[in-house]
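# Structural description and commentary
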Amino acid sequence: MKCKGNRKSKKTKLSLKYNIQKRCREHKRRVKKEAKKLGLKKKVRKDPGIPNSLPWKADLLADIEKKKAKKEEEMATRKAEAKKKVKQDREAVAKESQEAHRQKEAERRAKRAEEVELSQLETLRKLLLKADVLLQVLDARDPLRCRCPELEAWVQEQNKRLIFVISKSDLVLPTQTAQWLQLLGQVSPAVAVQVEAGNEGVAELVQMLGHSPASSSSKAPKAAQASAATAVGVVGYSGTGKRSLLKALRREAGSAPWLLEALGHLRPADDPEGEEALESHLHLAMRGMFAKGKGATVVVPPGDEALLVAKHMLERSSAQALMRRFRLPAFEGPEAFLEAWVKSRELVTKRGKTPGVESAAQRFLGELGAAPGCSCAPPEKVEGANQWATHAAAKAHLEQAMKAQIDILGSRDASSHPSAKGLTLSSRGLGPSVALQELMEHEEAEGEDEDDEDMEDGEEIEEIEEGEEEEDFDDDDAMEDE
């Protein structure tokens, strides 16, 4: 049965239908891609929210707010924890880097210190062998502790001349310096110099060495009949003023080929222990070696050891002298002394609290060498072997020069001297031991080994020369062996 009219059927081919769908998909894809490039977003349908007709709308909104607040709090907590972790990781990395740098720096310093020590020992060995006169520099604040018994014994054994030079004599009373000259003069010739305060005593020292100083203002008698020193070396412990003395001698003597350029540094063989360590720490504190800043050369001992050093200082002085020097009330024991010292200076820590006795002891040792300073009085008897035998030819002239300087120092008024109000302690023992004999024996053994090798080489050369069969050896090699 046919349809009425001329209407066409709506049915299409499936191929056409699928083609249309494919083109629609492609078109939508292209539109979506272009929108993405242009940054256009698909319009988001707005949330209609909660209808007002809902009976529990208020409770639902309150619950939503609670969840939102809780979520924000958790987010803030996670952010804070993340920041804290990042900070901790950064600090850990920085700490590891600092520790590695500190360790590397410590290794570098230790290596450098070892190289310096070896270099100083080699320089000391060469200076001792080359010099015929040695100037042992002693700090005027504690000359006895600056003496090296090993050096004096070796000098006497090698029949060399030794002269004590009391440096920095402007830091103690003139009368006290004169007493030290009289005491040390019983062992060997001695002279006091003030390199930093007018170069006093340097001209006299040049004359005692048998040379004429550049300046003629010296009141000391000229040692014209004394044998002139051909090689003079300056030796001493650290911080005694060796370099300053060497410069002053060069200025005073002008062109002085007899003055050796190198300095002899005496280094203690081992770290002191027990009572010896306390005496060593107090000696360094008196000389201002614990001072803070550029002049500091030694680290202050720990608090407990610093307290023992303060106790040792009280044993070598009197309570009245300490009360006068530091203007303190009466006290009993080192702890009470340090507490009174802290209170008189109103010292506080960084937190505003009163420092403990151990911390106060460390600070006290650092300030002990400050003006008016602290020094040691000469003992009644002198220690050490007599060194005058090597100065027999010039003994009269040296004694005359020493007497002139002692008279000049003894006649000065000590009441107006800057160190008149300083603290005076008793002297205790000579300086720390130095492995001088081992150093010289070790070097002599090495020299003998080298001589033996040279002798063996010489014997081989002689055997080659005696044998007529050796005709093909190189002439250049033979010349090098000779």
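Residues numbered from 1 in each chain as written. Predicted model: local features only at pLDDT ≥ 70, side-chain atom pairs only at ≥ 80, totals over all residues. Heavy atoms only, no water.

As a further point, take the pairing of strand E2 (residues 161-167). Along E2, seven of the seven residues are buried, which leaves the element largely enclosed by surrounding structure. Across the two faces of E2 the burial is the same, with Arg161, Ile163, Val165 and Ser167 and Leu162, Phe164 and Ile166 all buried. Pairing analysis gives seven bridges linking strand E1 (residues 133-139) to E2, with the strands arranged parallel. Residue pairing for E2: Leu138 is matched across the bridge by Ile166. (Buried < 20%, exposed > 50% of the residue type's maximum accessible area, 1.4 Å probe, protein only. Helix = DSSP H or I, 4+ residues; strand = E, 2+ residues; numbered from the N terminus. Pairing = 2+ DSSP bridges.)

Orientation of helix H8 (residues 303-315) relative to helix H11 (residues 357-367), taken along the N-to-C sense of each, is 65°, at an axis distance of 8 Å. Here H8 and H11 pass one another in a crossing that is left-handed. Residues Gly303, Asp304, Ala306, Leu307, Val309 and Met313 of H8 lie in contact with H11, whose contacting residues are Val357, Glu358, Ala361, Gln362, Phe364 and Leu365. Here the residues of the contact of H8 with H11 sort into eight nonpolar, two polar and two charged. (Axes fitted to C-alpha atoms, helices over the stretch in contact; angles between N-to-C directions. Left-handed = near helix turned anticlockwise from the far one by under 90°. Contact = heavy atoms within 4.5 Å. Nonpolar A, V, L, I, M, F, W, Y, C, P; charged D, E, K, R; others polar.)

Below, the discussion takes up helix H6 (residues 242-253). When the terminal C-alpha atoms of H6 are compared, their 16 Å separation across 12 residues agrees well with the 16 Å that a helix rising 1.5 Å per residue should span. Buried within H6 are the following residues: Lys242, Leu245, Leu246, Ala248, Leu249, Glu252 and Ala253. For H6, the arc enclosing every buried residue in end-on projection is 165°, short of the 170-degree limit, so these residues lie on one face. In H6, the exposed positions that point more than 90 degrees away from the buried face belong to Arg243 and Arg251. Packed against the buried residues of H6 are E1, E2, helix H5 (202-208), strand E4 (232-236) and strand E5 (259-265). Note on H6: the residue one or two positions beyond its end, Gly254, has a positive phi of about 70°. (Expected span 1.5 Å × (residues − 1). Arc of directions from axis to C-beta.)

Let us look at unusual backbone geometry. With an omega dihedral of 5°, the bond running from Ala371 to Pro372 counts as a cis peptide bond. Mapping Pro372 onto the fold places it in the loop between H11 and strand E6 (374-377). Not every positive phi belongs to a glycine, and Asn159 is a case in point at roughly 60°.

Adjacent strands of a sheet pair through backbone hydrogen bonds, lying either parallel or antiparallel. Judged by pairing direction, the sheet is parallel, and its five strands sit side by side in the order E3-E2-E1-E4-E5 without closing on themselves. For this open sheet the edge positions go to strand E3 (190-192) and E5, each flanked by a neighbour on one side alone. Taken pair by pair, the neighbouring strands of this sheet meet at an average axis angle of 25°, ignoring direction. Relative to E3, E2 is paired through three bridges, and the arrangement is parallel. Bridge pairing in E3 links Ile166 to Ala192. Running over the sheet, helix H2 (residues 57-130) touches E1, E4 and E5 and is turned about 130° from E5. Helix-sheet contacts for helix H4 (residues 174-184) involve E1, E2 and E3, and the interaxial angle to E3 is about 165°.

Another point: a nonpolar patch on the surface. A surface patch of nonpolar side chains, about 370 Å² in accessible area, is lined by Trp56, Leu60, Leu61 and Ile64. With respect to the secondary-structure elements, Leu61 resides in helix H2. (Patch = residues over 30% accessible without salt bridge, like charges linked within 9 Å, V, L, I, M, F, W, Y side chains within 5 Å. Areas by Shrake-Rupley, 256 points an atom, 1.4 Å probe, with all protein chains shown as cover. Salt bridge = Lys/Arg side-chain N within 4 Å of Asp/Glu carboxyl O.)

Let's shift gears to helix H9 (residues 319-326). Turning to H9, its buried residues are Ala321, Leu322, Arg325 and Phe326. Mapping the buried residues of H9 onto a view down its axis gives an arc of 105°, with all of them on the same face. Residues Gln320 and Arg324 are exposed on H9 and point more than 90 degrees away from its buried face. The elements touched by buried residues of H9 are H8, helix H10 (333-345), H11 and strand E7 (423-426). Taken from the residues just after H9, Arg327 is the one with a positive phi, measuring 55°.

Most of E4 is tucked away: five of the five residues are buried. Where E1 and E4 come together, four bridges link them in parallel fashion. Looking across to E4, one finds that Leu135 is bridged to Val234. Of the strand pairs in this sheet, E4 and E5 are connected by four bridges, and their pairing is parallel. Bridge pairing in E5 places Val235 opposite Gly264.

Note that Lys242 resides in helix H6. Here Lys242 occupies a buried position and makes no salt bridge, while the nearest side chain of opposite charge, Asp139, is found at 10 Å. Once you skip the residues sitting within four places of it in the chain, Lys242 turns out to touch Val137, Val234, Val235, Gly236, Tyr237, Leu263, Gly264 and His265. (Lys, Arg positive; Asp, Glu negative; His and termini not counted.)

Now for the packing of aromatic side chains. Under the defined criterion, the tally for this structure stands at five aromatic pairs. Ring centres of Phe326 and Phe337 lie 6.0 Å apart, and the angle between their planes is 65°; on these two criteria the pair is classed as edge-to-face. With a gap of 11 residues between them, Phe326 in helix H9 and Phe337 in helix H10 connect regions that are remote in the sequence. When the ring of Phe337 is compared with that of Phe364, the centres are 5.3 Å apart and the planes differ by 90°; the resulting orientation is edge-to-face. With Phe337 in helix H10 and Phe364 in helix H11, this pair connects stretches of sequence that are 27 residues apart. Of the two residues examined, Phe337 and Phe364, each falls in the buried class. Counting every residue linked through ring pairs, the aromatic cluster contains Phe326, Phe331, Phe337, Trp341 and Phe364. (Phe/Tyr/Trp six-rings, centres within 6.5 Å; stacked < 30°, edge-to-face > 60°.)

Purely geometric numbers; function is a separate question.
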